[in-house]
Amino acid sequence: MSTQENYELAKKAYEKWGIDVEQVIETLKSVPISIHCWQGDDIGGFEVNPNELSGGISVTGNYPGKASTPEELRADLEKALSLIPGKHRVNLHAIYAETNGEVVERDQLEPKHFENWVKWAKENGLGLDYNPTLFSHPKAADGLTLSHPNEEIREFWINHCIGSRKIAEYFGKELGKPALTNIWIPDGYKDIPSDRLTPRKRLKDSLDKIFAVEVDEKYNLDAVESKLFGIGSEAYVVGSHEFYLNYAIKNNKLCLLDTGHYHPTETVSNKISSMLLFSEKVALHVSRPVRWDSDHVVILDDELKEIALEIVRNDALDRIIIGLDFFDASINRVAAWTIGTRNMIKALLYAMLVPNEYLKQLQEEGNYTERLALMEEFKTYPFGAVWDYYCEKMGVPVKESWLEEIIAYEKQVLSRR
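Definitions and limits used
- Residues numbered from 1 in each chain as written.
- Predicted model: local features only at pLDDT ≥ 70, side-chain atom pairs only at ≥ 80, totals over all residues.
- Heavy atoms only, no water.
- Helix = DSSP H or I, 4+ residues; strand = E, 2+ residues; numbered from the N terminus.
- Rg over C-alpha atoms; globule rule 2.2 N^0.38 Å.
- Buried < 20%, exposed > 50% of the residue type's maximum accessible area, 1.4 Å probe, protein only.
- Contact = heavy atoms within 4.5 Å.
- Areas by Shrake-Rupley, 256 points an atom, 1.4 Å probe, with all protein chains shown as cover.
- Lys, Arg positive; Asp, Glu negative; His and termini not counted.
- Charge placed at Lys NZ, Arg CZ, Asp CG, Glu CD.
- Disulfide = S-S within 2.5 Å.
- Polar contact = N/O pair within 3.5 Å; in protein donor to acceptor, adjacent residues only side chain to side chain.
- Axes fitted to C-alpha atoms, helices over the stretch in contact; angles between N-to-C directions.
- Parallel < 35°, antiparallel > 145°, perpendicular 65-115°, else oblique.
- Left-handed = near helix turned anticlockwise from the far one by under 90°.
- Patch = residues over 30% accessible without salt bridge, like charges linked within 9 Å, V, L, I, M, F, W, Y side chains within 5 Å.
- Salt bridge = Lys/Arg side-chain N within 4 Å of Asp/Glu carboxyl O.
- Nonpolar A, V, L, I, M, F, W, Y, C, P; charged D, E, K, R; others polar.

A.B. asks: I'm lost on the overall build of the protein in this one. Help?
C.D. replies: From N to C terminus, the protein includes 14 helices and 10 strands. Expected size for 417 residues packed as a compact globule is a radius of gyration near 22 Å; at 22 Å, the protein falls within 12% of this value. With 417 residues in all, the protein has 54% of them scored as buried. In the protein, of all internal contacts separated by at least 6 residues, the share reaching a separation of at least 24 is 81%. For the protein, the exposed surface amounts to about 18700 Å²; the carbon and sulfur share of it is 49%. Taking the 48 positively charged and 66 negatively charged side chains of the protein as two groups, their mean positions are separated by 1 Å.

A.B. asks: Explanation requested: the state of the cysteines in the structure shown.
C.D. replies: By definition, a disulfide links the sulfur atoms of two cysteine residues through a covalent bond. Scanning all chains against the criterion turns up zero disulfides. Between Cys161, a free cysteine, and Cys255, which holds the nearest cysteine sulfur, the sulfur-to-sulfur gap is 16 Å. Judged by its relative accessible area of 0%, Cys161 falls in the buried class.

A.B. asks: Before we go on, may I ask you to explain the environment of Ile167 in this structure?
C.D. replies: On the secondary structure map, Ile167 appears in helix α5 (residues 151-175). As a C-alpha pair, Ile167 and Asp129 span 38 residues in sequence and 9.7 Å in three-dimensional space. Residues within four places of Ile167 in sequence aside, it is in contact with Leu109, Glu110, Pro111, Phe114 and Tyr130.

A.B. asks: How should I be thinking about the side chain of Arg333 in this particular structure?
C.D. replies: In this fold, Arg333 is placed in helix α10 (residues 333-352). We classify Arg333 as buried; its relative accessible area is 6%. Looking at Arg333, its side chain comes within polar contact range of the main-chain oxygen of Tyr63, at 2.7 Å. In contact with Arg333, not counting residues within four places along its chain, are Gln39, Gly40, Asp42, Asn62, Tyr63, Pro64, Gly65, Lys66 and Asp328.

A.B. asks: When you look at the packing of helix α9 (residues 302-313) against α10 in this model, what are you seeing that I'm missing?
C.D. replies: Two measures define how a pair of helices packs: the angle their axes make with one another and the distance between the axes. One can describe the packing of α9 onto α10 by two numbers: an axis separation of 8 Å at closest approach and a directional angle of 55°. One finds that α9 runs oblique with respect to α10. For the pair α9 and α10, the sense of crossing is right-handed. Facing α9, whose interface residues are Leu304, Lys305, Ala308, Leu309 and Val312, α10 presents Asn343, Met344, Ala347, Leu348, Tyr350, Ala351 and Met352.

A.B. asks: For this particular structure, what's the right way to read a nonpolar patch on the surface?
C.D. replies: Judged by side-chain polarity, Ile249, Leu277 and Phe278 come together as a nonpolar surface patch covering roughly 380 Å² of accessible area. Along the chain, Ile249 falls in helix α7 (residues 241-251).

A.B. asks: When you look at the environment of Tyr63 in this model, what are you seeing that I'm missing?
C.D. replies: Within the secondary structure, Tyr63 is located in the loop between β1 (34-36) and α3 (70-81). Distance in space between the C-alpha atoms of Tyr63 and Phe326 is 15 Å, their sequence separation being 263 residues. When residues no more than four places from it in sequence are discounted, the contact partners of Tyr63 are Ala329, Ser330, Ile331, Asn332, Arg333 and Glu410. A distance of 2.9 Å separates a polar atom in the side chain of Tyr63 from a polar atom in the side chain of Glu410.

A.B. asks: So what exactly am I meant to see when it comes to the packing of helix α1 (residues 3-15) against helix α13 (residues 383-393) here?
C.D. replies: At their nearest, the axes of α1 and α13 sit 8 Å apart, and the two run at 130° to each other. Taken together, the axes of α1 and α13 are oblique relative to one another. Between α1 and α13 the crossing geometry is left-handed. Together, Thr3, Gln4, Asn6, Tyr7, Ala10 and Tyr14 of α1 and Phe383, Ala385, Val386, Asp388, Tyr389 and Glu392 of α13 make up the contact between the two elements. Its residues assigned to classes, the contact of α1 with α13 shows seven nonpolar, three polar and two charged.

Set out below in structure tokens:
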């Protein structure tokens, strides 16, 4: 049977439950995913004097074809985007600035250093997001930045974050879509601290100074991201979930939840509904932790589907800013982007093709038998047929046929680097 024929059969199955599949597809088209540029070059960036990766971040693997120039990275992103349905965003770190061979310290970065990215985004109809890079730098060598006891070092990183917000504001003005500026820092201690409070006081003061500089919220949205632990900060992280959650609520900033930054038995999906009660918007970095914050490529597992269900069933598609954050150098990097992003979109489609309102009603009535039965049955409803149709309609490869293009791209482009 053809993709169209399979779709028509699936459509009828869902329509029995009052699900308007055509409307679902139209809604899905409008949901952007922020695709992280750093999967393409193992978080290397383009600084004139590159620094070794640090901050408790590790990229494993040595698959050939890594991008080593801005042009290569953008070409690889274009290839991935051609295999992913919908119009999306690209998330940049400060280390992806282009300074024309000039050494520019991070606290001196300006919008002009990202003009090529903005031009490229305009040509491809993309939005851009931004992150100050507070790792892989001599002034972060001891694992402390915005909470550093040395005032000069702290001031350096404060200025870097202020400049980052202005760069994101520039993105928003140029592209007509607000950019998200997300602040994550590696600060913490390897062993049990004798003082947990003082570093957090310094972090709070640093953030207050960063956000005291006015940046138009029409063009820039501010977010802060917590972490449970990192390599070299196993015992204590200054920017914990509790710290940032309270800071974000008190200061009207977004709290960004990274799916790898919590205890192994904690799930971000279980946090979303609580966050939505007290925050206008919530930001996500969707990754896949395997026993720790290992940033594996996103797969269509139960937690990804549950995250999507929480977004959809709570009518929060316009309130949740979805970004991805994984880096795998053991497989084709363009394929990694394609697999992870397609899976995020698949999960959203899956969630939209569930009779969420009826399931809510069953719960309110205490009919847990039917609730469980239907939730299980819908796991094998033909959402794959709708996904194939959506891909075909959006002009991207159906099923695994996208792999053929990756293989050809590797042969023609990646293998020659």
